[in-house]
Amino acid sequence: MKKTLATAAAILLCSSLFAQEKLWLWPKKTGPGSEKVKIQQTVEDRGGGNTHDRIISGVTVPYIEVYRPEKAAPDKKAGILIIPGGSYQRIVYDKEGVHYVKAFNDAGYTCFVLVYRTPNDPHKDSSKVSLADAQRAMRLIRSKSEELGINPDRLGVLGSSAGGHVAASLAQRHAEETYPMQDKADKAPDGSWTSARPAFQMLMYPVITMQDGLTHELSQKNLLGENATQGQKDAASCEKNASKDNPMAWLCCAINDKSVNPETNVLPYWSALRKAGVRTELHVFPASGHGFGVMGASGTARQWQSLSIDWLNTYLK
């Protein structure tokens, strides 16, 4: 009974959070390449009672929700861009977004939940729209860092499942030009691009590879289509593109994940980052499966947020 009541209380706390601000990513609200896409954004709530489990589909006007801590830690002034998963076809908004916020806010971190475009919709250059939204989010937050109360050099990313692939891709491909320069948020004082490189990457049970037979097939299909070349699969396989320039990484999964195989996704990524000389910490829990987030975590996996906060507090300079 105590466990049930504690879980219910935690769900109620997470579901009652409200963003202080919504920031539209793009100057014209509609993302570049989505101007002619005629789809309706929809929200489905799979929860019940006091529990929200909303999923968002059909995004053409992406945005960030800002969650500031009640007591910001002056020695941190750090921010976390949270990228929910959803197989590259929808946004698992609560379970892998809003539910993460409270623990990080309590630790003094400002959180930004990203609602982004997904490549299963008919956007122009659809395979790049999720990464473009993540890049733009980093640049927009950095351009507003003073008013948001964060240090732009301490802005990192946290992604789950397919959102983990977006986050890892951002860590590696932050300088890739996925959209035309828009405004002063994109443009640094010297005329170059504002950096979209995250200071750190935290990945929860992430999709990493796009190799046949090793990846999460639905994510691969939605991102690259059914006729992707081997070159396209290699370019989108994060374990093949690790380098010493990648930001430090905190990785987490459950070994009994039946949807995104840890042994072909997160473990090869951990190994590739280590070989490249990137500071990397890996937690492989014995149970919780896939998509556990906060509420579905069991056993020792329930400690993942406290472990990640300890890691941030130790290594984020």
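Within each chain, residue numbers correspond to sequence positions counted from 1 in written order. A pLDDT threshold of at least 70 governs which residues receive local features in this predicted model, and a stricter bar of 80 or more applies before side-chain atom pairs are shown or counted, although totals over entire chains, interfaces and linings include all residues. Heavy atoms throughout the structure, all of them, feed into the side-chain values; hydrogens and water do not.

(A) Representation of unusual backbone geometry in the model. Unusually for a residue other than glycine, lysine 29 sits at a positive phi of about 70°. The backbone of serine 87 sits at a positive phi, close to 60°, despite the residue not being glycine. Each helix is a run of DSSP H or I of at least 4 residues and each strand a run of E of at least 2, with the numbering of both proceeding from the N terminus. With respect to the helices, strands and loops of the structure, serine 87 is situated in the loop between strand S5 (79-83) and strand S6 (91-92). Relative accessibility under 20% of the residue-type maximum defines a buried residue, over 50% an exposed one, and the middle range a partly exposed one, all with a 1.4 Å probe and only protein chains included. Since its relative accessible area comes to 15%, serine 87 is described here as buried.

(B) The arrangement of the packing of aromatic side chains in detail. For Phe, Tyr and Trp, where Trp contributes only its six-membered ring, two rings pair if their centres lie within 6.5 Å, and the inter-plane angle classes them as stacked under 30 degrees, edge-to-face over 60, or tilted in between. For the coordinates displayed, the defined rule picks out eight aromatic pairs. Both rings, one in tryptophan 26 and one in tyrosine 179, keep their centres 4.6 Å apart while their planes meet at 85°; by these two values the pair is edge-to-face. Of the two residues, tryptophan 26 is situated in the loop between strand S1 (21-24) and strand S2 (42-45) and tyrosine 179 in the loop between helix H5 (162-173) and strand S9 (200-204); the sequence distance between them amounts to 153 residues. Of the aromatic side chains, those joined through ring pairs into one cluster are Tyr100, Phe104, Trp250 and Trp304. Over the ring of tyrosine 63 we find lysine 22, and its NZ or CZ is 4.2 Å from the ring centre. Here, a charge over a ring means that NZ of Lys or CZ of Arg falls within 6 Å of the ring centre while also lying within 35 degrees of the ring normal. The ring of tryptophan 270 has arginine 274 lying over it, and the distance from NZ or CZ to the ring centre is 4.9 Å.

(C) Just the pattern of salt bridges, in detail. In the sections that follow, a salt bridge refers to a side-chain nitrogen of Lys or Arg positioned within 4 Å of a carboxyl oxygen of Asp or Glu. This structure, assessed with the given rule, holds 10 salt bridges. Across the pair glutamate 176 and arginine 173 runs a salt bridge, and its minimum N-O distance is 2.9 Å. You can call glutamate 176 partly exposed: its relative accessible area is 26%. Here glutamate 226 ties to lysine 221 by a salt bridge, and the two come within 3.4 Å at their closest N and O atoms. Lysine 221 sits in the partly exposed class, given a relative accessible area of 43%. Salt bridges linked by common partners bring Arg136, Asp183 and Asp186 together as one network.

(D) Summary view of the sheet that holds S2. Across the sheet, three strands lie side by side as S2-S3-S6; this open sheet has antiparallel pairing. Both edges of this open sheet fall to S2 and S6, since each of them pairs with a single strand only. Should DSSP find at least two bridges between two strands, the strands are taken to pair. Pairing geometry for S2 and strand S3 (residues 54-57), over four bridges, is antiparallel. The residue bridging valine 43 from the neighbouring strand is isoleucine 56, located in S3.

(E) Representation of the side chain of serine 237 within the structure. Positionally, serine 237 belongs in the loop between helix H7 (230-235) and strand S10 (248-254). The term polar contact refers here to a pair of N or O atoms within 3.5 Å; inside protein, the definition further demands a hydrogen-donor-capable atom paired with an acceptor-capable atom, and it admits residues adjacent in sequence only when both atoms are side-chain atoms. A polar side-chain atom of serine 237 sits 2.7 Å from the main-chain carbonyl oxygen of lysine 233. Excluding anything up to four places from it in sequence, serine 237 contacts Ile208, Thr209, Met210 and Gln211. Throughout, a residue-residue contact means that at least one pair of heavy atoms, one from each residue, lies within 4.5 Å.

(F) Fine view of the pairing of strand S7 (residues 110-115). Burial runs high along S7: six of the six residues are buried. With burial as the criterion, each face of S7 is covered, one bearing Thr110, Phe112 and Leu114 and the other bearing Cys111, Val113 and Val115. Two strands pair when backbone bridges link them, and strand S4 (residues 63-67) and S7 are joined in this way by five bridges, in the antiparallel orientation. By the bridge assignment, glutamate 65 is partnered in S7 with valine 113. Where S5 lies against S7, four bridges are found, and the strand directions are parallel.

(G) Up close: the pairing of S3. Inspection of the sheet shows S3 paired to S6 by two bridges, in the antiparallel sense. Each bridged residue has a counterpart across the sheet, and for isoleucine 55 the counterpart in S6 is valine 92.

(H) Layout of the state of the cysteines. Counting rule for disulfides: a pair of cysteine sulfur atoms within 2.5 Å. A complete count under the given rule lists zero disulfides for this structure. The thiol of cysteine 238 is not disulfide-bonded; the next cysteine sulfur, from cysteine 253, is found 15 Å away. A relative accessible area of 1% places cysteine 253 in the buried class.

(I) Seen up close, the sheet that holds S7. Overall, mixed pairing links the eight strands, which are arranged S1-S4-S7-S5-S8-S9-S10-S11 in an open sheet. Edge positions in the sheet fall to S1 and strand S11 (280-285), since each of these pairs with one other strand and no more. Ignoring which end each strand starts from, the neighbouring axes of this sheet average 20° apart. Summarising the sheet, strand S8 (residues 155-160) and S9 pair through four bridges and their orientation is parallel. Opposite valine 157, over in S9, you have glutamine 201 as the bridge partner. Of the strands in this sheet, S1, S4, S5, S7 and S8 touch helix H3 (residues 129-143), which is tilted by about 155° from S5. Interaxial angle, 0 to 180 degrees, is taken between N-to-C directions of lines fitted to C-alpha atoms, where a helix line uses only the stretch in contact. In the packing of helix H8 (residues 266-275) onto the sheet, the strands contacted are S9, S10 and S11, and the crossing angle to S11 comes to about 160°.

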